[in-house]
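Chain and residue survey
What follows is the residue order along each chain.
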Amino acid sequence: MAEVKGQVLVFVLAIAFIGCVVSYDRPPVRKNISILQPKQFSSTSPQQVHISAVGPDKMRISWITQSSAPSVVEYGTSAGAYTESATGTSSSYRYLVYKSGQIHHVVIGPLDPNTAYYYRCSSDSTRQFSLKTPPAHLPIKFTVVGDLGQTGWTNSTLQHIAQSNYDMLLLPGDLAYADFVQPLWDSFGRLVEPLASQRPWMVTQGNHEVEKIPIIHSTPFTAYNARWRMPFEESGSTSNLYYSFDVAGVHIIMLGSYTDFDPDSDQFKWLQGDLGNIDRGKTPWIVALIHAPWYNTNTDHQGEPESDLMKQHMEVLLYKARVDIVFAGHVHAYERFSRVYNGQADNCGPIHITIGDGGNREGLAKRYMDPIAGISVFREASFGHGQLEVVNATDAVWTWHRNDDDVSVVSDAVWLRSLSSSPACKS
Ligand SMILES: *[C@@H]1O[C@H](CO)[C@@H](O)[C@H](O)[C@H]1NC(C)=O
Ligand SMILES: *[C@@H]1O[C@H](CO)[C@@H](O)[C@H](O)[C@H]1NC(C)=O
Ligand SMILES: *[C@@H]1O[C@H](CO)[C@@H](O)[C@H](O)[C@H]1NC(C)=O
Ligand SMILES: [Fe+2]
């Protein structure tokens, strides 16, 4: 760890130095990517495979087949030798004239922590997958990326994430940018499968997931809820749009910016209960994800109710519970704030980080407000992703990796102390 700390220090110094002498040219928009079903696939070939953690020792395997196929996962700890099997359910949905394939969800386990498993879906022997379960105890390494979309920049970001050897991916909303065009959800599923079939991808929703059309399709989140089912029941939530879970000493809270959040709402009451149940001995760290940022000095997305009203209602809850970090997306840029509460620097408030720079087709949000608010520590409109390595109960390191064209460059790095270890912040 001393070595890592040394490296980070070198990075920080190098960044300070480079920042003075080199200006980075903002890259133009890259082409949209659309990934079609490979020609050799049959109508029952499993595709768009992704996994998500369920409770402390289980994993949900999700995939799609064009026509109906068994919702079964066979798995084991050596390649090709499937000693275990589990069955689940499948469903499909309609959206205007589009009819989805069969969307399968199967929960496997109990699984050992930090262990590689091999698996196949719908008994299809032509496609074999592998995954690694998260560790049971710290350290753990998260990748955090928002507003991914599917462009050449998304591809670049995904390549960098693939090199990062992370345990779990956290996504604060805006996945496919399908925007009513349902086959783009399928394309996105194929684009992320190489990564999302190997490590749990834990997501929450953004505005691009709503896909509600008055009268014609009045139900929101149809595709998102069907395809990206998350472990909400396990945390006492009644909605796939907000939930929480524990992983290796970190309590993660996924909030829904595009569902009700006022004090009378189910989400608000659920959050109060969830925060009240946290055992800081077991999970010394608390991390929350939202989509629309509560703190933002970019000119984009100012004054939206999902930012301002949600903050007004919920910020005090996160503050009193001593949440360590709040990640957001929505603004297509990177920004890190100091510890903050109610608009002011506060040593017992969460650090707010906007990481909406995954690479979507809308491009970067390049204009910032002037002057810089005192609490905004680092901001830059470039594509990239973040990594949060929680080392132990007290220390974690956050790094932001900018896509310098196709090279991943650490451009912001900071060591964090958990609030649970701060005597001054005892709640
Ligand atoms: C936690 O990690 C930090 C950073 O590596 C280290 O300095 C510290 O001694 C560790 N604390 C414990 C209790 O191991
Ligand atoms: C990407 O596709 C969207 C529609 O899905 C379109 O509006 C946009 O112009 C396209 N971008 C490029 C760079 O081709
Ligand atoms: C993604 O990037 C890799 C590496 O640069 C490249 O080989 C691949 O063709 C790209 N994929 C798409 C769909 O653009
Ligand atoms: Fe958004």
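Residues numbered from 1 in each chain as written. Chains lettered and ligands numbered in written order. Predicted model: local features only at pLDDT ≥ 70, side-chain atom pairs only at ≥ 80, totals over all residues.

Since the α-helix packs 3.6 residues into each turn, any two residues three or four apart lie on the same face. All of the buried residues along helix 5 (residues 266-276) are Gln267, Trp270 and Leu271. Projection of helix 5 onto a plane perpendicular to its axis shows the buried side chains occupying an angular sector of 100 degrees, all on one side. Turned more than 90 degrees from where helix 5 packs its buried face, Lys269, Gly273 and Gly276 sit exposed. Elements in contact with the buried residues of helix 5: helix 6 (305-320). (Buried ≥ 20, exposed ≤ 12 C-beta atoms within 10 Å, placed from the backbone. Helix = DSSP H or I, 4+ residues; strand = E, 2+ residues; numbered from the N terminus. Arc of directions from axis to C-beta. Contact = placed C-beta atoms within 7 Å.)

This part covers the site of ligand 2. Around ligand 2, the neighbouring residues are Val29, Lys31, Asn32 and Arg361. A per-class count over the shell around ligand 2 returns one nonpolar, one polar and two charged. (Near = placed C-beta within 6 Å. Nonpolar A, V, L, I, M, F, W, Y, C, P; charged D, E, K, R; others polar.)

Attention now goes to the UniProt feature "domain: Purple acid phosphatase C-terminal" (unreviewed entry) in the protein chain. Mapped onto this numbering, the UniProt entry gives "domain: Purple acid phosphatase C-terminal" (unreviewed entry) at residues 349-409. Taken as a whole, residues 349-409 contains 0% helix and 49% strand, while its terminal C-alpha atoms sit 29 Å from one another. (UniProt positions renumbered as here; feature names shortened; annotations may be inferred.)

An order of 4-3-9-10 is seen for the four strands of this open sheet, with the pairing classed as antiparallel. Each of the sheet's edge strands pairs with one partner strand only, and the pair in question is strand 4 (84-87) and strand 10 (129-132). Neighbour to neighbour, the strand axes of the sheet diverge by 30 degrees on average, direction disregarded. Here strand 3 (residues 72-76) pairs with strand 9 (residues 116-121) via four bridges, running antiparallel. Following the sheet pairing, Val73 is matched in strand 9 by Cys121. (Pairing = 2+ DSSP bridges. Axes fitted to C-alpha atoms, helices over the stretch in contact; angles between N-to-C directions.)

Here the focus is helix 2 (residues 152-162). Turning to helix 2, its buried residues are Trp153, Thr154, Ser156, Thr157, Leu158, His160 and Ile161. Each element contacted by the buried residues of helix 2 is listed here: strand 11 (140-144), helix 3 (183-196), strand 22 (384-390), strand 23 (395-404) and strand 24 (407-417).

What follows covers the domain arrangement of the protein chain. According to the domain assignment, the protein chain consists of domain 1 (2-22 + 134-422) and domain 2 (47-132). Here domain 1 and domain 2 have C-alpha centroids that lie 26 Å from each other. Taken residue by residue, the interface counts 30 residues in domain 1 and 28 residues in domain 2. Elements represented by at least two residues in the side of domain 1 that touches domain 2 include exactly helix 3, strand 13 (201-203), helix 4 (222-227) and strand 14 (243-247). Of the residues forming the side of domain 1 that touches domain 2, the biggest block, six residues, is contributed by helix 3. (Domains from an automatic or database assignment.)

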